[in-house]
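Next come the chains, spelled out residue by residue.
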Amino acid sequence: MITLHWLYVLAGAVFAAFAIGSLRDATNSKRWGNAAFWGLLAVSFWFGDFLGDVGNGVLVLALVGIAGTHLLGRGALQSTSNAQRTKSSERLGNCLFLPALVIPLTAFVGTLMFNYTPLKDSGLIDPKSVTLVLLGLGVILALAISYAWLRPPLTAPLEEGRRLMDSIGWAAVLPQMLAALGAVFAAAGVGTTVGALASAILPEGSVIFAVLLYALGMAAFTMIMGNAFAAFPVMAAAIGVPILIQQHGGNPAVIGAVGMLAGFCGTLMTPMAANFNIVPAVLLELKDQYAVIRAQVPTAIPLLIANIVILYVAGFLL
Amino acid sequence: MSYLPLIGIALVVLGFALRFNPLLVVAVSAIATGLLGGMDFLKVLATLGKGFNDNRFVSAVYIVLPVIGLLERYGLQQRARTLVGRMLRATAGRLLLGYLAFRQIFAALGLKDVAGHPQTVRPLVAPMAVAAAEKTHGKLDQATDERVKAMAAATDNVGLFFGEDIFIAIASILLIQGSLAGFGIQLTPIELSLWAIPTAICAFLIHGARLLYLDVQLARRPRVRGNDAEGHRS
């Protein structure tokens, strides 16, 4: 049976290749930091299950140490010039999108097939991780098609992948770190504490009030922190899980997905999310640096209300 | 019951608001929360390590980067720009509406980085929207010009935020899955991404309506003198 384990073998190989590529990139003055960071992730994917919990904890601290002391950098090389890219994009046309579309198609169609056809009982893929395993398969398929069609140099995908990875940098592991933070919150009893606290203030059995608190809390925390990813473990531990899901029996998929999207409404309204809201104003040479936020608020507020309605209706009534 | 572990939540909020390195903030907050919750340091470290190891699938999404990077080498971004450049140019509002749909659909298919503020908004969408507005409504004064450009940037953000979560292999979806799994709630990425669709539709309707209303507002705007006739189509 193909389990998540095999996806991790693939991911570990990709990160190991990024680490080796980083080491050899003389244009990046911080290449040792990059190599160590991506190398540690490769170790985590390959050997995480053998390191023990404390060993993994030390690995996390090492990653944080590298990121926190600014040891990650970026190389300067671009493989092909913009002129070459424009030329080849004209030659290849919209077919260029097809290999990329193979990935979601494989994952989506495959998941449907493994849920609703006899393949379900084939025992080929671990039912708990069908989508992610198929994502890996989609990537391999897309790469095979691209190799056959474009005939790039053998290592080109890894070099180009590393270029993108370096441009994301330490932020790449932030979502995983936040999920780990959620685990610590749960173990330390944050959820139960806030749950008890919130049921003390919330009117007895009022679902709608709890939904309001959850969605507005997601938006507000996102506005303060500038990041919905960081707000999510906090609000999930505080209200989402203990009150909406466990106490009132809300649909967890709705509470999770729409809760995050309520946070995104907050992202539209805060200068703390500088990448999205302030940088474009500068790029467009606008006089008012808050012009983009001003343009977004009239969309964000009705959309937040829409999310509250979806949370309530889909989470509790359907 | 002790309220002390809640300080960890406050630390996350404060650390992010004060712009410390987010990984550092998360690690410090995790350790503080655990210690205040009565665990010893090794136990906290083990819980954090186990949480990290159990959630590796969140970072497994980066295996798509070699494919995207390879296609970029052959002009993926340039092709996306060509597509955007060919969009309906009738009015500023309709042009931006087309871009909103493009951005949402492509983000939902996992192609969120083919467009963006540096890639498409500044070189293409904003100037095209201004040109379309001037073509139908005459020369824009400074404030209106800024408003159209700001709407172009806003449209990119709305399209990205409320399209990307429909794609199953996006970090935010897997973060939700991982966070809830920490509480013993098992979900699949597909369940989560399907529930991103209603909000995506609402975002399209709400922001789309505002974009069409932008055309109405532009038409009502007092004209800049001397440029009245040039915008009229014969």
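Residues numbered from 1 in each chain as written. Chains lettered and ligands numbered in written order. Predicted model: local features only at pLDDT ≥ 70, side-chain atom pairs only at ≥ 80, totals over all residues.

J.: Hey, could you run me through the overall build of chain A in this one?
T.: Assigned secondary structure in chain A consists of 14 helices and zero strands. Principal axes of the C-alpha set define a box for chain A whose edges measure 65 × 60 × 45 Å. Buried positions account for 51% of the 318 residues belonging to chain A. Sequence separation of at least 24 residues holds for 74% of the intrachain contacts in chain A that already meet a minimum separation of 6. (Helix = DSSP H or I, 4+ residues; strand = E, 2+ residues; numbered from the N terminus. Buried ≥ 20, exposed ≤ 12 C-beta atoms within 10 Å, placed from the backbone. Contact = placed C-beta atoms within 7 Å.)

J.: For this particular structure, what's the right way to read the interface of chain B and chain A?
T.: Counting residues at the interface gives 106 residues for chain B and 126 residues for chain A. In terms of residue class, the side of chain B that touches chain A is made up of 68 nonpolar, 26 polar and twelve charged. (Nonpolar A, V, L, I, M, F, W, Y, C, P; charged D, E, K, R; others polar.)

J.: What should I look at first to understand the environment of Phe-161 of chain B in this one?
T.: For Phe-161 of chain B, the location among the structural elements is in helix α9 (residues 142–164). For Phe-161 of chain B, a count of 29 C-beta atoms within 10 Å gives the class buried. Residues Phe-161 of chain B and Leu-11 of chain B, 150 residues apart in the sequence, show an inter-C-alpha distance of 26 Å. Those residues in contact with Phe-161 of chain B that lie beyond four places of it in its chain are Phe-264 and Thr-267 of chain A.

J.: Can you help me understand helix α7 (residues 92–108) of chain B in this one?
T.: Each α-helix turn comprises 3.6 residues. Residues three or four places apart therefore point the same way. Residue and element names in this part refer to chain B. Counted at 1.5 Å a residue, the expected span for α7 with its 17 residues is 24 Å, and the 24 Å between its end C-alpha atoms agrees. Of all 17 residues in α7, 13 are buried, a share of seventy percent or more. Positive backbone phi, approximately 90 degrees, marks Gly-110, located one or two places after α7. (Expected span 1.5 Å × (residues − 1).)

J.: Before we go on, may I ask you to explain the packing of helix α8 (residues 190–201) of chain A against helix α10 (residues 228–247) of chain A in this structure?
T.: Relative orientation and spacing of two packed helices are given, respectively, by the angle between their axes and the distance between those axes. All names here are of chain A. Where α8 meets α10, the closest approach of the two axes is 8 Å, and the angle between their N-to-C directions is 70 degrees. Relative to α10, the element α8 is oriented roughly perpendicular. Mapping the contact onto sequence places Val-190, Gly-191, Thr-192, Val-194, Gly-195, Ala-198 and Ser-199 in α8 and Ala-237, Ala-238, Ile-239, Val-241, Pro-242 and Ile-243 in α10. In the contact of α8 with α10, the residues fall into nine nonpolar, four polar and no charged. (Axes fitted to C-alpha atoms, helices over the stretch in contact; angles between N-to-C directions. Parallel < 35°, antiparallel > 145°, perpendicular 65-115°, else oblique.)

J.: Is there a simple way to think about unusual backbone geometry in this case?
T.: With the exception of glycine, the majority of residues adopt a negative phi angle, and the majority of peptide bonds are in the trans configuration. Residue and element names in this part refer to chain A. Here His-70, not a glycine, exhibits a phi torsion of approximately 55 degrees, which is positive. The residue His-70 is located in the loop between α2 (31–68) and α3 (82–92) in this model. Look at Glu-285: it is not a glycine, yet its phi comes out positive at around 55 degrees. With respect to the helices, strands and loops of the structure, Glu-285 is situated in the loop between α13 (279–283) and α14 (291–317).

Function cannot be inferred from these measures alone, as they are strictly geometric.
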